[in-house]
Amino acid sequence: QVQLVESGGGLVQPGGSLRLSCVASGFTFSDYAMNWYRQAPGKERELVATSTSTGGSTNYADSVKGRFTISRDNSKNTVYLQMNSLKPEDTAVYYCYAKRTAYYSTSDLFDTREYWGQGTQVTVSS
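Residues numbered from 1 in each chain as written. Predicted model: local features only at pLDDT ≥ 70, side-chain atom pairs only at ≥ 80, totals over all residues. Heavy atoms only, no water.

A. Region of the structure containing the pattern of salt bridges. Taken as a whole and assessed by the stated rule, the structure comprises 6 salt bridges. The residue glutamate 46 makes a salt bridge to arginine 38 at a minimum N-O spacing of 2.6 Å. Classification of glutamate 46 as partly exposed rests on a relative accessible area of 34%. Salt-bridge contacts for aspartate 111 lead to arginine 113; the nearest nitrogen and oxygen are separated by 3.0 Å. Sharing partners across several salt bridges, the network here consists of Arg38, Glu46, Arg67 and Asp90. (Salt bridge = Lys/Arg side-chain N within 4 Å of Asp/Glu carboxyl O. Buried < 20%, exposed > 50% of the residue type's maximum accessible area, 1.4 Å probe, protein only.)

Right, dumping it as structure tokens:
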């Protein structure tokens, strides 16, 4: 059974920090790219940060660049999002997302697998 379980959300004052964790099970974590998304009330879900399967390459939304850091520990099947200098506009439900695309040359087919966590609430308010 595939599971992505986020934790670490909560209420924090502006300028504070939080570290989100997402623990994966039921699939080969090290084969998957991992992303963090967020969704604020009344807004579309947006991509926050991405990590390749090895963690060797990461990317960030402009709105969080320099403040957030995505990292992963493949030995623990866990991806993290360190969030510093938090702002009220960072308030959202944060989701982790896993994706792997495999190509099978014998059949010339791509197979994409993707999974979502249930989300964790982050509220930035004084």
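From this point, the discussion proceeds with the structure in view.
B. Structural detail: the sheet that holds strand S8 (residues 78–83). On the basis of which strands lie adjacent, the open sheet formed by 4 strands has the order S1-S3-S8-S7 and antiparallel pairing. Where the open sheet ends on each side, the last strands, each with one partner, are strand S1 (3–7) and strand S7 (68–73). On average, adjacent strands in this sheet sit at an angle of 15° to one another, irrespective of strand direction. Strand direction decides the pairing type here: strand S3 (residues 18–25) and S8, joined by 6 bridges, are antiparallel. In the strand pairing of S8, arginine 19 is matched with glutamine 82. (Pairing = 2+ DSSP bridges. Helix = DSSP H or I, 4+ residues; strand = E, 2+ residues; numbered from the N terminus. Axes fitted to C-alpha atoms, helices over the stretch in contact; angles between N-to-C directions.)

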